[in-house]
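Structure at a glance
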Amino acid sequence: MADTATATAVDHHDDHGHSESFWSKYIFSTDHKIIGFQYLFTGMAMGLIGGFFSYVFRMHLAFPGSEVPFFGIVSPAAYNSLVTNHGTIMIFWVAMPVLIAALGNFLIPLMIGCDDMVFPRINRLSYQIFLISAIVLIASFFVPQGGFGGAWTAYPPLSSEAEYNGTPFGAPMWLIAVTLEIVAFLLGGINFITTVMNARAKGMKLYDIPMVVWMIVIASILFMASVGPLVAGAVMLLFDQTLGTGFFDPAAGGDPVLWQHLFWFFGHPEVYVVLLPAMGVVIEIICTFARKKLFGYKMILYSSVGLGILSFFVWAHHQFISGVDPRATYLFTTTTLLISIPVALMLFAMIGTLWGGSIRFTTAMLFALSFIAEFLIGGVTGIWLGSSGTDIYLHDTYFVLAHFHYTFVPIAIIGTFSALYYWFPKMFGRKLNEFWGKIHFWGTIIPFNGIFLPLFILGAAGQHRRIAGYTAYPDLYTENFQDLRVFATGSLIVLILFQIPFFVNFIVSLKRGQKAGPNPWNANTLEWVAPSPPPHGNFGDDLPQVYRGPYEFSVEGREEDYWPQNEPDPGPSETSK
Amino acid sequence: MASHSHPSYLKIYIMLLVLFVISVAGPEIADIMKLEGATRLILVLITAFGIALVKAYYVLAYFMHLKFEKIYAPYILLSMVALLFVFFFGTATDAMKSEGHNWEKTPIVLPEDKGFDHHDDHGDHSHDDHSGHDH
Amino acid sequence: MGHKIIATGRSATGIPTGRLAVWWVIASEIVIFGGLIATYLLNRFLHGSWAESAAYTNTFIGGANTFWLLTSSYFVVLAHSAAEKRDAKTARKYLWYTIGLGGMFMGFKSYEYATEISHGFTLFTSNFWSFYYTATGLHGFHVLCGMVIMAIIAENDIKKERNWHRVENIGLYWHFVDIVWIFLFPLLYIAK
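Residues numbered from 1 in each chain as written. Chains lettered and ligands numbered in written order. Predicted model: local features only at pLDDT ≥ 70, side-chain atom pairs only at ≥ 80, totals over all residues.

Taking an unreviewed UniProt entry as the reference, chain C is identified by name as Cytochrome c oxidase subunit 3 belonging to Pelagicoccus mobilis. Word for word, the UniProt comment on chain C under Sequence similarities (unreviewed entry) is "Belongs to the cytochrome c oxidase subunit 3 family." (UniProt positions renumbered as here; feature names shortened; annotations may be inferred.)

In the annotation of an unreviewed UniProt entry, chain B is listed under the name Cytochrome C oxidase subunit IV family protein and assigned to Pelagicoccus mobilis. Comment text from UniProt for chain B, heading Subcellular location (unreviewed entry), reads "Cell membrane".

Below, the structure written as structure tokens:
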């Protein structure tokens, strides 16, 4: 597999670090940090597309029939396509690349104290496949009859028969894009897991690994273990779509509900695949800015492992009204309610960490705290949806939609922002502006609640989430409900406008932000040992050695309130206090 | 791996070949002995799938050196297999059971779709025949 | 590779990094093939008539293919033990034997597909045949990938007497492909 051409290219730019071109430095680099940035910026660009989609269909819902600025009239087919691709993009091309791939690539080698991923070229390949998948997805919007509109869950027969979904080209392209994305993340995940298992710094035992690294590894394992049946299912669905086989066609003896099992066996663990890294980010930030040792390191670790295992037993709660065996719904209701225990344990451990800490309200900390609060709303509203009785009423209403946005927005948006504000100094050597950061924070959190709280009410009132033109349903088109929709849409526009300060802040701070030293937050983990931004190879010639756990804050008898992992223990004379 | 005391690869290979012959012969013997019903099923299951498991074990343990590998590797593989069982049994409750105490999964048969019955020999299960006239 | 990544050389678990990664690759493949086999089994139990379709598959060719793969597994393990002794010539010989047997497998498979299609059993005949072609096709694709990678290792690495560990890693992958066939064979051919 050693293609000598690239091998010599690697040699070349290692030896002459300054003479390398833009292409070999930023596009075809095997440096884990550059690959992390590639994922980050691709994810942010896809996030803009997904956000634009949500703006278009929310405008359409608030002002049905009128022209949406920058888009035009939204036809029902366009509405379906927009909703489908909003969901797909936000999960597969925003949450996963940013939270797992970008953070994982950037942080794992730095935090476990080694110079790169164990397979740098597989890492690059993973990003390239991911980029191709994104291009295929975007291209699918422009083929005849438009992009796929059968919801991100792609239930057959709607997804398998072109005469139902009306997108003979968009649907297979969507499926190919998703499959390529899965392949990219399998490659990346194998790299993450192997790196953490084998390449840890000298002295770093299992319980000295920072929580965010643990979480990314557990998430990668979950992803790998759950996605297999979906890959098999995607091949079968692709054959159904393009060749005309009948795997999911009842007329040929197939079972359409089988796809739902294949999909949700992946789809539910997938929720935890993106949740866990966000949890890890929040834990890091809370420990640093509460200046306190993490409350219950092992408990959090074991509950996240338990969460991962339990997540394989809950998938059919997405299918309570799809005609699954009613007796199986008892089982899946029970496991679904059980899964709130490990999540609650983790959230309580975060709150326990805050207790008695000396809390610093930096922007990163504000985002981390709001993650706990908002995610709690998402988790608690899930109880109605996990119980099969109430779910029969609430299924596929805006209540479900508001519920999972209260989980996914904290994960993908709030978690990402807190990570960016926290690690930006490490990534680019300068701090983001805190004043504009706080404006961005409040401008994100308040409108976010403004969007989705009204949708809970609409959902409880029975509005189905996939109706493009509900003006035909007089029960749903009352003035009160319409006011709620307009309010939600207005909040969305405010939220989008408040992202402008963030992007301006981001770009300006790249060049003119306050210079940051290696350890601007006085944190303990190993990435703060390396210079900011870390050079190729991260730590120079002598890689750090680890002497203690990652969260030794405010240890009695020390002058500083932090104790970096790589600092050797003081001699016996100093410790005798 | 030379330091490990595993049996010679040739022995394992010959054993795999013998097992392979048995697994092919199983259903043939069942036909020759004119076995029917449960006995035939048991014989086929044991010779085909029981022996497949044994063969897989020998390849994994000796050819792939899993027996001499660090304990992580077999655990990784076993946990994946365990998850498949979770998937299979979770899905089987739905896919395999077509009727319960108070309910029945009724396939939708549109008037113009009556012609689908010709799939009987390869496809649809027998419940289809009873559907629609349960009242 | 001139610049050696230090991370790749570390081994906190005691398993060399390359081999550990192959175990994870195999783990992810287990769920992919396993998902396909599980859905096949669900359908198979549901539709008793599939046993009759399975009777049309050619047990002789399936058996011959099992034999090729078992033998190739034996050869690849011999290649591995030759590589451990740093015997490039023997290792390359056995790797090419393995590739040859993989070629035999693909040849028999193509003949089998051709006869089946000419007898009217195509991808679309029934869901059994859809599963048959999907599962064997996916497996055949893995055999082909293994052959290509093995040829690259034999000619690029072993000939130049470097990267000896790659023989073991491709061997593990090849054994896994063999194990998948060990299960596909009774499922599609002998259980009727």
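Here the narrative resumes, following the displayed structure.
Some remarks on the UniProt feature "transmembrane region" (unreviewed entry) in chain B
Residue and element names in this part refer to chain B. On the UniProt side, "transmembrane region" (unreviewed entry) is annotated at positions that read residues 12-30, 42-65 and 71-90 here. Segment residues 42-65 splits into 92% helix and 0% strand. End C-alpha atoms: 32 Å apart. Across residues 71-90, the secondary structure splits into 95% helix and 0% strand, with the terminal C-alpha atoms separated by 29 Å. (Helix = DSSP H or I, 4+ residues; strand = E, 2+ residues; numbered from the N terminus.)

Side note on the interface of chain C and chain A
Between chain C and chain A, the residue contacts involve 37 residues of the former and 44 residues of the latter. Looking at the side of chain C that touches chain A, the elements with two or more residues in it are helix H1 (6-9), helix H2 (17-46) and helix H6 (127-158) of chain C. At 15 residues, the largest contribution of residues to the side of chain C that touches chain A is made by H2 of chain C. Its residues assigned to classes, the side of chain C that touches chain A shows 20 nonpolar, 16 polar and one charged. (Contact = placed C-beta atoms within 7 Å. Nonpolar A, V, L, I, M, F, W, Y, C, P; charged D, E, K, R; others polar.)

Things to note about the nonpolar core
Counting residues in each nonpolar core, the largest one holds 272 residues, and the members touching the most others are Ala95, Ile112 and Val213 of chain A. Here Ile112 of chain A is in contact with Val196, Ala199, Arg200, Ala201, Met204, Ile209, Val213 and Leu526 of chain A, once residues within four sequence places are set aside. (Core = buried A, V, L, I, M, F, W, Y, C linked by C-beta atoms within 7 Å. Buried ≥ 20, exposed ≤ 12 C-beta atoms within 10 Å, placed from the backbone.)

Overview of the interface of chain C and chain B
With 42 residues of chain C at the contact, the number on the chain B side is 41 residues. Listing elements by their share of the side of chain C that touches chain B, those giving two or more residues are H2, helix H4 (59-84), H6 and helix H7 (165-190) of chain C. Examining the composition of the side of chain C that touches chain B, we find that 13 residues originate from one element, H2 of chain C, more than from any other. Residues belonging to the side of chain C that touches chain B are distributed by class as follows: 25 nonpolar, 14 polar and three charged.

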